[in-house]
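Spelled out from the first residue to the last, the chains are:
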Amino acid sequence: MAGCSEFTLIGRYLTGLGAARADVTLGVGDDAAILQSPADPWLLSALDTLIEDVHFPGDMPAEAVGYRALAVNLSDIAAMGGQPRWAVVGLTLPAMDEDWVAGFARGLDAIAQTHEVAVVGGDVTRGPRAVSVQIAGTSALPPIRRDTACAGDDVWVSGRLGEAAGGLAVWQAGQQGEPRWAGLVDAFLRPVPRLCLGQALQGIAHAAIDVSDGLLADAGHIASQSGVAIDLARAALRPSARLQAFGGTAQATAWLCSGGDDYALCFTAPVTARSTVAQAAQNARTPVRRIGQVRHGHGVLLDGVAVGGAHTGYRHFER
Ligand SMILES: Nc1ncnc2c1ncn2[C@@H]1O[C@H](COP(=O)(O)OP(=O)(O)OP(=O)(O)O)[C@@H](O)[C@H]1O
Ligand SMILES: Cc1ncc(C[n+]2csc(CCOP(=O)(O)O)c2C)c(N)n1
Ligand SMILES: [Mg+2]
């Protein structure tokens, strides 16, 4: 509706999204939300931004933008093993478009409900289309960090790496209507934040990160921040059959290593915890596999050979 103000938009579409939580005294409507301090000793806070044509194609459905904006933030809480609670959403739109906002709100509400997150506030502005979500969560146990991997650990990863990058390529090739590639497109549009897995790994995993920029890049963050080397086994880095069918083996392997957008968890755990990890993953109903070893040294290796720094993952300022 032309002439509808941001206040109308907030009142009509952006109020009361997500779960009704008992620890929210006051949500949308005042200068700040009023939240009750949790009993859990650790508070977690993170923020991720999605920008049109940088993080999502301009023709992606509004519902998927709303879903994905929260999903990528939940993934950061998952990587720490936390429990998400509250989200604040900054929405920037080039023009008033009620249908778009209604779709965005539906997608955001659905995933917030699923993970019992309350959307307690935000901001609406005019400018190039973008969504910034700030997520807050808690943890009863010490959160899993990036800087605590130990030489000797196994390296594990969840899910089917590379499929989201493949799904984006499907979309950009205009083949999203092709039933054969529906699973790939879904991996891009609706990444699943691995919250149950992250929580199940607390007290077991030594270090964890979520794979947003690409496996080699994100494993590299664990390596550099922990002061260790991560040696991945090429034989364990096999793309799924449907990803190979779409892109061919070489491109599918490149997506798996450096495509990003997966929001899988990459984590390290002691060799003695193999069966405990397997049980935790089973409890979380999330498939995981071992892909390498943490060693003394630095950087990321493939079968013992250092990986060159050029194409390990997404970088905003090196396109
Ligand atoms: N503008 C900023 N000011 C302060 N800290 C920042 C800023 N941008 C990023 N950081 C911090 O730097 C660290 C790495 O940020 P980054 O955005 O790469 O997060 P990530 O989880 O590794 O990746 P992704 O954003 O793809 O999920 C995080 O701790 C983040 O909070
Ligand atoms: C239209 C379009 N083109 C390219 C990509 C790929 N991409 C963009 S940002 C990013 C890393 C994570 O972002 P950040 O580090 O900002 O959290 C990746 C893998 C995409 N998603 N959409
Ligand atoms: Mg992250």
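Just so you know, the residues in each chain are numbered from 1, in the order the chain's sequence is written. All chains are assigned letters beginning at A, and all ligands numbers beginning at 1, according to the order in which they are written. Selection of residues for local features in this predicted model requires a pLDDT of at least 70, selection of side-chain atom pairs for listing and counting requires 80 or more, and totals for whole chains, interfaces and linings are taken over all residues. Each side-chain value is derived from all of the structure's non-hydrogen atoms; neither hydrogens nor water enter the calculation.

### Description of helix H7 (residues 215-226)
Residues lying three or four places apart along an α-helix face the same way, a consequence of the helix completing one turn every 3.6 residues.
Then, number 1: Elements are defined by DSSP. Helices are runs of H or I of four residues or more, strands are runs of E of two residues or more, and each kind is numbered from the N terminus. To estimate the expected span of a helix, count its residues, drop one, and scale the result by 1.5 Å. For H7, with 12 residues, the first-to-last C-alpha span of 16 Å sits near the 16 Å given by 1.5 Å per residue.
Then, number 2: Counting buried positions along H7 yields nine of 12 residues, so the element is predominantly enclosed.
Then, number 3: Here the term buried applies to any residue with accessible area under 20% of the maximum for its type, exposed to any over 50%, and partly exposed to those in between, with areas from a 1.4 Å probe on protein chains only. Among the residues of H7, Leu215, Leu216, Ala217, Asp218, Ala219, Gly220, Ile222, Ala223 and Ser226 are the ones counted as buried.

### A word on the domain arrangement of the protein
Then, number 1: Splitting the protein by domain gives domain 1 (6-139) and domain 2 (154-306).
Then, number 2: Here, two residues are considered to be in contact whenever any of their heavy atoms come within 4.5 Å of each other. On the domain 2 side, the residues contacting the 25 residues of domain 1 number 20 residues.
Then, number 3: For the pairing of domain 1 and domain 2, the buried interface totals around 1,700 Å² over both sides, and the portion due to carbon and sulfur atoms is 59%.
Then, number 4: Salt bridges are counted wherever a side-chain nitrogen of Lys or Arg sits within 4 Å of a carboxyl oxygen of Asp or Glu. The interface formed by domain 1 and domain 2 contains one salt bridge.
Then, number 5: The partner of Asp261 in a salt bridge is Arg68, with the nearest N and O atoms 3.0 Å apart.
Then, number 6: Two N or O atoms form a polar contact when they lie within 3.5 Å of each other; inside protein one atom must be a possible hydrogen donor and the other a possible acceptor, and for residues adjacent in sequence the pair counts only when both atoms belong to side chains. If you look at where domain 1 meets domain 2, you find 10 residue pairs in polar contact (both at pLDDT 80 or more).
Then, number 7: Sorting the residues of the side of domain 1 that touches domain 2 by element identifies helix H2 (62-80) and strand S4 (83-93) as the ones contributing at least two each.
Then, number 8: The leading source of residues in the side of domain 1 that touches domain 2 is H2, at 12 residues. Domain delimitation follows an automatic or database domain assignment. Here the quantity called buried area is the accessible surface, traced with a 1.4 Å probe, that two parts lose on coming together, added over both.

### Things to note about the UniProt feature "domain: PurM-like C-terminal" (unreviewed entry) in the protein
Then, number 1: UniProt's entry tags residues 151-298 with the feature "domain: PurM-like C-terminal" (unreviewed entry), counted in the numbering of this structure.
Then, number 2: As a span, residues 151-298 carries 43% helix and 19% strand, and end to end its C-alpha atoms are 11 Å apart. UniProt positions are given in the numbering used here, feature names are shortened, and annotations may be inferred rather than shown by experiment.

### Section: the site of ligand 1
Then, number 1: Only heavy atoms are used to decide nearness, and a residue is near a molecule or strand if one of them lies within 4 Å of it. For ligand 1, the full set of nearby residues is Asp48, Asp76, Arg146, Ser212 and Asp213.
Then, number 2: Side-chain polar atom of Asp48 to an oxygen atom of ligand 1: 2.8 Å apart, as the coordinates give it.
Then, number 3: Interatomic distance of 2.6 Å between a side-chain N/O atom of Arg146 and an oxygen atom of ligand 1.
Then, number 4: Surface exposure here means Shrake-Rupley accessible area, sampled with a 1.4 Å probe, where a residue is shielded only by the protein chains that are shown. Protein contacts shield 32% of the accessible area of ligand 1, which totals 610 Å² for the unbound molecule.
Then, number 5: Under the convention adopted here, Pro, Cys and the residues Ala, Val, Leu, Ile, Met, Phe, Trp and Tyr are nonpolar, Asp, Glu, Lys and Arg are charged, and Gly plus all remaining residues are polar. Taken together, the residues of the shell around ligand 1 break down into no nonpolar, one polar and four charged.

### Structural notes on the site of ligand 2
Then, number 1: Lining the immediate environment of ligand 2, one finds 15 residues, of which Val54, His55, Asp213, Asp261 and His316 sit closest.
Then, number 2: One of the backbone N or O atoms of Val54 is found 3.2 Å from a nitrogen atom in ligand 2.
Then, number 3: One of the side-chain nitrogen or oxygen atoms of His316 is found 2.6 Å away from an oxygen atom of ligand 2.
Then, number 4: Alone, ligand 2 offers 520 Å² of accessible surface; in the complex the protein occludes 85% of this.
Then, number 5: Looking at side-chain class alone, the shell around ligand 2 contains six nonpolar, five polar and four charged residues.
Then, number 6: Counting contributing residues per domain, the shell around ligand 2 is built from domain 1 (6-139) and domain 2 (154-306), each supplying no fewer than three.

### Observations regarding the UniProt feature "binding site: Mg(2+) 4" (unreviewed entry) in the protein
Then, number 1: The UniProt feature table records "binding site: Mg(2+) 4" (unreviewed entry) at Asp31 and Asp76. Taken together, the annotated residues stretch across 46 residues and extend over separate regions, lying up to 26.4 Å apart by C-alpha.
Then, number 2: Structurally, Asp76 can be placed in helix H2.
Then, number 3: When sequence neighbours within four positions are dropped, the list of residues in contact with Asp76 reads Ala46, Asp48 and Asp210.

### Regarding the pattern of salt bridges
Then, number 1: Counting across every chain of the model gives 14 salt bridges.
Then, number 2: The salt bridge involving Arg145 is made with Asp147; its shortest N-O contact spans 2.8 Å.
Then, number 3: One salt bridge connects Glu163 with Arg242, and the closest N-O pair in it is separated by 2.6 Å. With Glu163 in helix H4 (residues 163-172) and Arg242 in helix H8 (residues 241-247), the pair connects residues that are 79 residues apart, well separated along the chain.
Then, number 4: What makes Arg242 partly exposed here is its relative accessible area of 32%.
Then, number 5: One network of salt bridges, with partners in common, ties together Arg21, Asp23, Asp40 and Arg85.

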